[in-house]
Amino acid sequence: IARRRRPTVDSEVVGLRELEPSSMAAAVQSRSAAPRRAGTRGRPLRPGVRNSSSSRRTTRWRPCGAKPERELLMWEALREATDEEMERDPTVLVMGEDVGHYGGSYKVTYDLYKKYGEMRLLDTPIAENSFAGMGIGAAMTGLRPVIEGMNMGFLLLAFNQISNNCGMLHYTSGGQYKVPVVIRGPGGVGRQLGAEHSQRLESYFQSIPGVQLVACSTARNSKALLKAAIRSDNPVIFFEHVLLYNVKGPVGGKDEVQELNRAEVVREGTDITILCYSRMRYVSMQAVGDLVTQGYDPEVIDLISLKPFDLETIYNSIKKTRRVLIVEECMKTGGIGASLSSTISENFIDELDHEVVRLSSQDVPTAYAHELEAATIVQPEQVVEAVHRICGESAVPA
């Protein structure tokens, strides 16, 4: 396979350059899939994946006769998960603005109303507090609603229902009621969507007792996690990043369900633990491509569960690397990283050789202007600089 020149970091920044998320995913995969030799600080032996400049398809090495994995875009994977769960369980329904005939703002429910009817794909008025309350009430009666917010920022209008009812009713009823509801939708900083449509509300919902927070990041885990969330008897707030809907990747079958409170080790390493989630998984992996060539061997963990944190996976990594860098798109003040940093310091301080470092978004409204928007969120070069600062610059270049 002909050797291709890898794109530069600047050309790979997701959402800030004109690179499509699907080609970005292939670029990240090409950097991280090379086999490693122990003791060489992550130097690649020979590439196992190559990108073609004329096609977005990725060629993977696989054993002769092995069946190629089926690939979907992330929005297609979410749609397939919803379809399979509605087919499996007649109590599952979807409600929200334009989820029926229009198919959802990002087509996650596209054409499902033709299969399941308008009552199971229920188009609602533009009244988030009302239809969130209707969904929570439906969950109390034994249904399993999936409530779609057209944008996570709009769900602030439903905050009363989510905080006072969704997370508390099981407790305040003495266990008489369960609330098996999923509240999902797009969020995060997009491409010049302006301040009101670029909010990261994970930390807002993290403080609500009784709800579980999950952030998907790939086609595979988005499908498996959404299926698990729909089957859960607990209320789950399911975060999807607006720029990841077109990320393409392999997906599992009908029976693949992923544990909701388990983090994913994206890349194993020994020098430093990088904790991230959602789109920052890709920003971190872009930075790792440069760090590996400089001789560093970082470990990257996708948190996935933002409440509760998977402290077992985090501890096992910290015990090995003894250094932690948190990379998030949430705001620095009161963000997910702030909560995670304090948890690590309280529980694992004796395992650390360096203070926990956080890279977060600026505490300002997200600007519409392209350059200012880019300046408010974490970039790969900032991750590289932070690793240099934490680990020192004594690594041997690969």
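Numbering of residues starts from 1 in each chain and follows the order in which that chain's sequence is written. Local features in this predicted model are restricted to residues of pLDDT 70 or higher, and side-chain atom pairs are both shown and tallied only at a pLDDT of 80 or more, whereas totals for entire chains, interfaces and linings draw on every residue. Only hydrogens and water are set aside when side-chain values are computed; all heavy atoms of the structure are taken into account.

### Things to note about helix α9 (residues 280-293)
The secondary structure listing takes helices from DSSP runs of H or I that are at least 4 residues long and strands from runs of E that are at least 2 residues long, numbered from the N terminus. For a helix, the expected span equals 1.5 Å multiplied by the number of residues minus one. An ideal rise of 1.5 Å per residue puts 20 Å on 14 residues; α9 measures up with 20 Å between its terminal C-alpha atoms. By the criterion of burial, α9 is predominantly enclosed, with twelve of the 14 residues buried. Accessible area is worked out with a 1.4 Å probe on protein chains only. A residue is then buried under 20% of its type maximum, exposed over 50%, and partly exposed in between. Of all the positions in α9, only Met-280, Arg-281, Tyr-282, Val-283, Ser-284, Met-285, Gln-286, Ala-287, Val-288, Gly-289, Leu-291 and Val-292 are classed as buried. Where α9 ends, the next residue or the one after it, Gly-295, has phi of about 100°, a positive value.

### Section: the nonpolar core
Counting residues in hydrophobic clusters, the biggest one holds 43 residues, and the most contacted among them are Phe-205, Leu-275, Ile-314 and Ile-344. Among the elements of the structure, β4 (92-96), α4 (128-140), α5 (159-166), β8 (212-215), β9 (236-241), α10 (311-321), β15 (324-331) and α11 (336-348) are those that each provide at least two residues to this core. Only heavy atoms enter the contact rule, under which two residues are in contact if any of them lie within 4.5 Å. Contact partners of Ile-314, with chain neighbours within four places excluded, come to Leu-275, Leu-303, Phe-309, Leu-340, Ile-344 and Phe-348. Joining through side-chain atoms within 4.5 Å is the link that ties buried Ala, Val, Leu, Ile, Met, Phe, Trp, Tyr and Cys residues into a set, and such a set is a nonpolar core. Core analysis: the second largest hydrophobic core is formed by 30 residues, Leu-78, Met-86, Val-108 and Leu-225 among them.

### Some thoughts on empty space enclosed by the protein
Each cavity reported here is a set of points on a 1 Å grid over the protein atoms alone in which a 1.4 Å probe fits but cannot get out, each pocket an open set with protein on both sides within 12 Å along at least five of seven lines, and each lining residue one with an atom within 4 Å of a point. Grid points are joined across faces, edges and corners, and a volume is the space filled by probe spheres set on the points. As enumerated under the stated definition, the model contains one cavity of 30 Å³ or more in all. Volume-wise, the largest cavity comes out at about 130 Å³. Residues that form the lining of the largest cavity fall into these classes: six nonpolar, six polar and five charged. The nonpolar class holds Ala, Val, Leu, Ile, Met, Phe, Trp, Tyr, Cys and Pro. Asp, Glu, Lys and Arg form the charged class, and all remaining residues, Gly among them, are polar.

### Here's the deal with unusual backbone geometry
Backbone torsion omega between Lys-307 and Pro-308 reads 0°, so that peptide bond is classified as cis. Mapped onto the elements of the fold, Pro-308 is located in the loop between β14 (305-307) and α10. In this structure, Asp-98 is a non-glycine residue whose phi angle is positive, near 65°. By the element assignment, Asp-98 lies in the loop between β4 and α3 (112-116). Accessibility expressed as a relative area gives 36% for Asp-98, which makes it partly exposed.

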